[in-house]
Amino acid sequence: MSQMQVYKAKENNVKVIGRTHYCNNVLWLALSGGGVEFSFRGTKAVITLMGDAVASTGNNLARIGISVNGKRMIDDQVDQPLKTYTVFESDTEQDVTVRITKLSEAAMSTVGIQEIAVDAADGIKPTPPKVHTIEFIGDSITCGYGVDDEHELHSFSTATEDVTKAYAYLTAEQLEADYSMVSYSGYGIITGYTENDEKLLTHLLPDYYEKVGKSEGKFDDCLLPQDVPWDFSKFTPDIIVINLGTNDDSYTQEDKSKQTEYAEKYVEFLKMVRRNNSRSLILCTLGIMGDRLYPFVEQVVKQYTQGTGDSNISTMKFDVQLAADGYAADFHPSQATHCKAAEKLTAHIRGLLKW
């Protein structure tokens, strides 16, 4: 008779990936790419996830991926209060590494890791930390918006969003780095994405950078992620990659005064990022869905360095996506475009940091 041992997703049991929050004995995930990883030697693993109030609505549910030894075994949307998955089962003991990843973004829904049960004599342990660390700050491109729906006229759904196919995650994999993502579709520095020349002030990334997340879905149906300050001592990135401006461009267009306002507010945001990350190299990027604001990104970094004396910062321009590489939903980058962007960013970071 096998004996299942039950664990909570706490740091002595699992490696925590990205910004998470432990609430009432459950580890909650909001942001894209958040999750845990652990290993064990045994014959069975069962994971129980907890949905938020959004789970019962059927609308933009949290999408999760669970991989075993690097192969995705579960790809699901959490549509009930508790959902249990047998992720591994074998007649013989094996060495197993399990990773649970939130594939969809924070704004629509959250998900909790209720418990991990294994049949393993020595229980579970966190996988070791990687040598390097990266934080990504971005928008829909970083989230992998629509990447599983390569039809440019289709619209957004968490069901077709997969952060593991986006340039940021791919870059972290190629660099063998632990990562944290702070990304929200439609968000910008001075405005969210807009089609009516009016600023969308509810969608400003700087407003939520110092929070665990921002979501409609409450942790344990009682706590909004935006009400929880993030503890920056929990993750110290060697490099912070910022990719913001694509949504601002919907408002600034060719208007120099609006573009200048973007630049001024971006400088202020960099000061916030630096306040919380004293030693990280900051890399400001733009260009995958258009590069009109890129000269202002370069100007921002010059102004920031002149004003603060902080030169641990630089810029990189992504190549604009090509129609030949296809598009995902709402003309977002296709998998082919994300792969190209990851190659460029990986090579650039290797050059900067000698990794």
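Use the structure listed above.
Cut-offs applied
- Residues numbered from 1 in each chain as written.
- Predicted model: local features only at pLDDT ≥ 70, side-chain atom pairs only at ≥ 80, totals over all residues.
- Heavy atoms only, no water.
- Core = buried A, V, L, I, M, F, W, Y, C linked by side-chain atoms within 4.5 Å.
- Buried < 20%, exposed > 50% of the residue type's maximum accessible area, 1.4 Å probe, protein only.
- Helix = DSSP H or I, 4+ residues; strand = E, 2+ residues; numbered from the N terminus.
- Contact = heavy atoms within 4.5 Å.
- Phe/Tyr/Trp six-rings, centres within 6.5 Å; stacked < 30°, edge-to-face > 60°.
- Lys NZ or Arg CZ within 6 Å of the ring centre and 35° of its normal.
- Expected span 1.5 Å × (residues − 1).
- Arc of directions from axis to C-beta.
- Pairing = 2+ DSSP bridges.
- Right-handed = clockwise from strand over helix to strand, strands pointing away.
- Axes fitted to C-alpha atoms, helices over the stretch in contact; angles between N-to-C directions.

A. How the structure looks around the nonpolar core. Of all hydrophobic cores here, the largest spans 46 residues; its most connected members are Tyr209, Ile242 and Phe269. Those elements giving two or more residues to this core turn out to be strand S4 (26–29), strand S13 (239–243), helix H4 (256–276), strand S14 (281–286) and helix H5 (294–308). Here this core gets eight residues from one element, more than from any other, and that element is H4. Excluding anything up to four places from it in sequence, Tyr209 contacts Arg19, Glu135, Ile137, Val182, Phe232, Ile240, Phe269, Met272, Val273, Asn276 and Asn277. Core analysis: the next-biggest nonpolar cluster, separate from the first, contains 29 residues, Val14, Val78, Ile100 and Ile116 among them.

B. Representation of the packing of aromatic side chains in the model. On inspection of all chains with the given rule, the structure shows 13 aromatic pairs. Seen from their ring centres, Tyr209 and Phe232 are 5.4 Å apart, and the 45 degrees between their planes marks the pair as tilted. With Tyr209 in the loop between strand S12 (177–183) and S13 and Phe232 in the loop between S12 and S13, this residue pair connects regions lying 23 residues apart in the sequence. Ring pairs connect the aromatic residues Phe38, Phe40 and Phe88, which therefore count as one cluster. Its guanidinium or amino end placed over the ring of Tyr209, Arg19 lies 5.0 Å from that ring's centre, counting from NZ or CZ. One cation-aromatic arrangement involves Lys258 over Tyr251; the distance from NZ or CZ to the ring centre is 4.3 Å.

C. Structural detail: H5. Compared with an ideal rise of 1.5 Å per residue, which puts 15 residues at 21 Å, H5 spans 21 Å between its outermost C-alpha atoms and is within 8% of the ideal. By the burial criterion, the buried members of H5 are Tyr294, Phe296, Val297, Val300, Val301 and Tyr304. Axial view of H5: buried residues confined to an arc of 150 degrees, hence all on one face. Relative to its buried face, H5 has exposed residues pointing more than 90 degrees away, namely Lys302 and Gln306.

D. Molecular detail of the environment of Val68. In this fold, Val68 is placed in strand S6 (residues 63–68). Separated by 23 residues in the primary sequence, Val68 and Ala45 have C-alpha atoms spaced 9.8 Å apart. For Val68, the residues in contact, after removing those within four places along its chain, are Met73, Val87, Phe88, Val96, Thr97 and Val98.

E. Representation of the pairing of strand S15 (residues 313–317). With five bridges joining them, S14 and S15 adopt parallel strand pairing. The partner of Thr285 across the bridge, within S15, is Met316. A crossover connection joins S14 to the parallel S15 through H5; in handedness this β-α-β unit is right-handed.

F. Geometry of the sheet that holds S15. Across the sheet, which stays open at both edges, the five strands sit in the order S12-S11-S13-S14-S15 with parallel pairing between neighbours. Looking along the sheet, the strands with just one partner apiece sit at the ends: S12 and S15. Strand-to-strand twist in this sheet, taken as the mean axis angle between neighbours without regard to direction, amounts to 20 degrees. Two elements, strand S11 (residues 132–138) and S12, share seven bridges in a ladder whose sense is parallel. Considered in S12, the bridge of Gly138 is made with Ser183.

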